[in-house]
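Secondary and tertiary structure notes
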Amino acid sequence: MIRGILLSIGITLISLSLLSITSPISNTITVTKPYCISIPSTAKVIAIMYENSTNVTVYVKIIHGNFTKIIRPPCTIMLTHGKWIFEVYNETYPKISYRSINETIIEKNVTIIIQKTVNYTNIVTTNNATYPIYVILYIKCMKILKFQELSEILGIIMIISSVFLYLRKRF
């Protein structure tokens, strides 16, 4: 009976260590306030970030453990094991303003003052998250067991033990 249990557990451990879910899964998240995700050590995840198609440039702050980075989308990041936080760091956009100016023209003892409206562009930077960023989380692979090599070794040891017990009882 022990031989059968050892054999079945050994085969189960080896088969589970060889299995993984490889059907790709993707999810798009709209980030306007901090978004937190925890990645297990058994998953392979890619994050693709991009901004909307307006004339606003959005910078993203990414926090992972003690690592903090500010980047400008579009970009692709391979997410490793642990907690990841994505948040909008700041937004930069051009703002067109109009200003009236007086232009003085002097010709042959005649002074003419012309009033013109001139437009100029200011670059505005805010820390508000008015325009979102989009993060596509693409899960490529999910392993069934965390320690695949260890489970393979334990499975082989259990199978060899069951064969040894069988041969010991037989002879």
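A brief look at the structure comes next. (Residues numbered from 1 in each chain as written. Predicted model: local features only at pLDDT ≥ 70, side-chain atom pairs only at ≥ 80, totals over all residues. Heavy atoms only, no water.)

**Things to note about the pairing of strand 8 (residues 82-107)**
Each regular strand shows side chains that alternate between the opposite faces of the sheet. Pairing of strand 3 (residues 35-39) with strand 8 involves five bridges; the strand directions are antiparallel. Bridge pairing in strand 8 places Ile 37 opposite Trp 84. Pairing of strand 5 (residues 57-64) with strand 8 involves eight bridges; the strand directions are antiparallel. Along strand 8, the bridge assignment pairs Thr 57 with Thr 92. Remark: two residues form the turn of the hairpin made by strand 8 and strand 9 (residues 110-126), two consecutive strands paired antiparallel; Lys 108 in that turn has positive phi of roughly 40°. (Pairing = 2+ DSSP bridges. Helix = DSSP H or I, 4+ residues; strand = E, 2+ residues; numbered from the N terminus.)

**Things to note about a nonpolar patch on the surface**
Side chains of Phe 147, Leu 150, Ile 153, Leu 154 and Ile 157 sit close together on the surface and give an oily, nonpolar patch of about 480 Å² of accessible area. Following the sequence through the fold, Leu 154 ends up in helix 2 (residues 148-170). (Patch = residues over 30% accessible without salt bridge, like charges linked within 9 Å, V, L, I, M, F, W, Y side chains within 5 Å. Areas by Shrake-Rupley, 256 points an atom, 1.4 Å probe, with all protein chains shown as cover. Salt bridge = Lys/Arg side-chain N within 4 Å of Asp/Glu carboxyl O.)

**Some details on the side chain of Glu 51**
Secondary-structure assignment places Glu 51 in strand 4 (residues 43-51). Using a relative accessible area of 18% as the deciding quantity, one classes Glu 51 as buried. Of note is the side chain of Glu 51, whose polar atom sits 2.9 Å from the backbone nitrogen of Val 58. Beyond its immediate stretch of four places on either side in the chain, Glu 51 contacts Val 56, Thr 57, Val 58, Arg 72, Pro 73 and Tyr 134. (Buried < 20%, exposed > 50% of the residue type's maximum accessible area, 1.4 Å probe, protein only. Polar contact = N/O pair within 3.5 Å; in protein donor to acceptor, adjacent residues only side chain to side chain. Contact = heavy atoms within 4.5 Å.)

**Details of the nonpolar core**
In this structure, Met 49, Ile 62, Leu 79, Trp 84, Phe 86 and Leu 137 are the most contacted members of the largest nonpolar core, which totals 22 residues. At the level of elements, strand 2 (25-31), strand 3, strand 4, strand 5, strand 7 (75-79), strand 8 and strand 10 (133-143) are the ones that each hand at least two residues to this core. Looking at this core element by element, the count peaks at four residues for strand 4. Other than its neighbours up to four places away in sequence, Leu 137 contacts Ile 25, Ser 26, Asn 27, Ile 29, Tyr 35, Ile 37, Val 45, Ile 46, Ala 47 and Leu 79. (Core = buried A, V, L, I, M, F, W, Y, C linked by side-chain atoms within 4.5 Å.)

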